[in-house]
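Fold and geometry: a report
Below, each chain spelled out in residue letters.
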Amino acid sequence: MSEIRLFVTTTEALATEILDLMTVCFGEEDVAIATTEVDEKNDVWEASVYMMVEEEAEILARLEELFSADFADLVIDREVLPQIDWIAKSLEGLKPVRAGRFIVHGAHDRDKVRVNDLAIEIEAGQAFGTGHHGTTAGCLEMIGEVVRSRPVRNALDLGTGSGVLAIAVRKLKRIPVLATDIDPIAVKVAEGNARSNGIVEGIGFRVAPGFHSTAFAEYGPFDLIIANILARPLMKMAPQLVTHLAPGGSVILSGILASQRWKVIAAYKGAGLAHVRTIWRNGWVTIHLRHGRGVL
Ligand SMILES: C[S@@+](CC[C@H](N)C(=O)[O-])C[C@H]1O[C@@H](n2cnc3c(N)ncnc32)[C@H](O)[C@@H]1O
């Protein structure tokens, strides 16, 4: 799978029209869009669509078909964005990331930890979650806020990746945490990360796609559910996720592009939750919802 950017240079009005068309064609959950003003005086804009693709040729054929009717003379440029090799990055030395009271750092940056920091040591590797992505950092910040302000007695980290969020909850409060992932390698990595952060008990790690495990009944219902996945699966699992939430419980969702947030919020409102707060980081949002009254 690779990430590509398709872009067209045109006027502001046409750029907006083209982006609307692409969003309808590819689905709002699967693309990120952006317009950039290139030349203010001459109304020159660049409309970009970013998407993850398996088969680039197939996407380009669909685009050609889409554009042949109304925008036949427009040139669609494309670039394949470089894949980030997290292991190589780790060797280069990723800078530590701060989010709320947390600092997520590699072994080479232990000296950056200050007295009041809650430090989480994660080496970039085979599982997502070094803290550098806007979604992970947003979740860390939101976890800090929610655990401080709400009565949280247990938590679920669904899609744990490197385990960073489960570790963060445990660093804040000694409560039972269930950490699950569809990917067995991620679960292994997460267990190792918990151990190297001095956590030998309190987090149950399980391989589970969605809510398919008896562990959810064993550990739940939860006062706090955190899921940093993607907009589409999050919307799909809303009714089921809410059945695992304890009365008055909180949900932290991420993996959501800013343009997708209202759809995700609507899905969870439909499942009976209220929107409390949104954190924005690098075009990604992290949303806190809960049972009871919220604020918009
Ligand atoms: C974006 S990463 C988040 C990792 C970490 N929680 C963080 O915030 O940095 C999403 C993780 O969710 C897992 N995942 C995706 N879909 C899932 C599903 N339906 N059930 C469980 N895990 C899932 C992926 O394997 C991946 O490790």
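Residues numbered from 1 in each chain as written. Predicted model: local features only at pLDDT ≥ 70, side-chain atom pairs only at ≥ 80, totals over all residues.

As recorded in an unreviewed UniProt entry, the protein goes by Ribosomal protein L11 methyltransferase and comes from Ciceribacter naphthalenivorans. Comment text from UniProt for the protein, heading Subcellular location (unreviewed entry), reads "Cytoplasm". Reading the Catalytic activity (unreviewed entry) entry of the UniProt record for the protein gives the comment "L-lysyl-[protein] + 3 S-adenosyl-L-methionine = N(6),N(6),N(6)-trimethyl-L-lysyl-[protein] + 3 S-adenosyl-L-homocysteine + 3 H(+)". (UniProt positions renumbered as here; feature names shortened; annotations may be inferred.)

Some details on the packing of helix 4 (residues 134–149) against helix 5 (residues 164–172)
Helix-helix packing is characterised by the crossing angle of the two axes and by the distance between the axes. It is the contact of helix 4 with helix 5, at a shortest axis distance of 10 Å, that shows an interaxial angle of 25°. With respect to each other, helix 4 and helix 5 are oriented roughly parallel. When the axes of helix 4 and helix 5 are compared, the crossing they make is right-handed. Within the contact between the two elements, helix 4 uses T136, C139, L140, I143, G144 and V147 and helix 5 uses V164, L165, A168, V169 and L172. For the contact of helix 4 with helix 5, the class distribution of residues is nine nonpolar, two polar and no charged. (Axes fitted to C-alpha atoms, helices over the stretch in contact; angles between N-to-C directions. Helix = DSSP H or I, 4+ residues; strand = E, 2+ residues; numbered from the N terminus. Parallel < 35°, antiparallel > 145°, perpendicular 65-115°, else oblique. Left-handed = near helix turned anticlockwise from the far one by under 90°. Contact = placed C-beta atoms within 7 Å. Nonpolar A, V, L, I, M, F, W, Y, C, P; charged D, E, K, R; others polar.)

Quick notes on the UniProt feature "binding site: S-adenosyl-L-methionine" (unreviewed entry) in the protein
If you check UniProt for "binding site: S-adenosyl-L-methionine" (unreviewed entry), the listed places come out as T136, G159, D181 and N228 in our numbering. Not counting residues within four places of it along the chain, the set of residues in contact with G159 comprises D181, A227, N228 and I229. Topologically, N228 is positioned in strand 11 (residues 222–228). Taking the number of C-beta atoms within 10 Å as the measure of exposure, N228 has 26 and is therefore buried. (Buried ≥ 20, exposed ≤ 12 C-beta atoms within 10 Å, placed from the backbone.)

Overview of the sheet that holds strand 11
Read across the sheet, seven strands follow the order 10-9-8-11-12-14-13 without closing on themselves; strand pairing throughout is mixed. Either end of the sheet is taken by a strand with one partner, and the two such strands are strand 10 (203–207) and strand 13 (274–281). Strand-to-strand, the axes of this sheet are offset by a mean angle of 15°, without reference to chain direction. Seen against the sheet, helix 6 (residues 184–196) touches strand 9 (177–181) and strand 10 and runs at an angle of roughly 165° to strand 10. Together, strand 12 (245–257), strand 13 and strand 14 (284–290) form the strand contacts of helix 10 (residues 261–270), whose direction differs from that of strand 14 by roughly 15°. (Pairing = 2+ DSSP bridges.)

Let's talk about the sheet that holds strand 7 (residues 118–121)
Remark on secondary structure: sheet strands pair via backbone hydrogen bonds, oriented parallel or antiparallel. Across the sheet, three strands lie side by side as 5-6-7; this open sheet has mixed pairing. What marks the edges here is a single partner per strand, and that holds for strand 5 (97–99) and strand 7. Adjacent strand axes in the sheet meet at a mean angle of 20°, parallel and antiparallel pairs treated alike. The sheet contacts of helix 4 involve strand 5 and strand 6 (102–105), and relative to strand 5 the element is tilted by about 40°.

Some thoughts on the site of the ligand
Taken together, 23 residues form the shell around the ligand, and within it G129, T136, G159, G161 and N228 come nearest. Of all the secondary-structure elements, those providing two or more residues to the shell around the ligand are helix 4, helix 5 and strand 9. For the shell around the ligand, the leading source of residues is helix 4, giving three residues. Residues belonging to the shell around the ligand are distributed by class as follows: 11 nonpolar, 10 polar and two charged. (Near = placed C-beta within 6 Å.)

Points about helix 5
Here helix 5 lies mainly inside the structure; seven of its nine residues are buried. Along helix 5, the residues that are buried comprise V164, L165, A166, I167, A168, V169 and R170.

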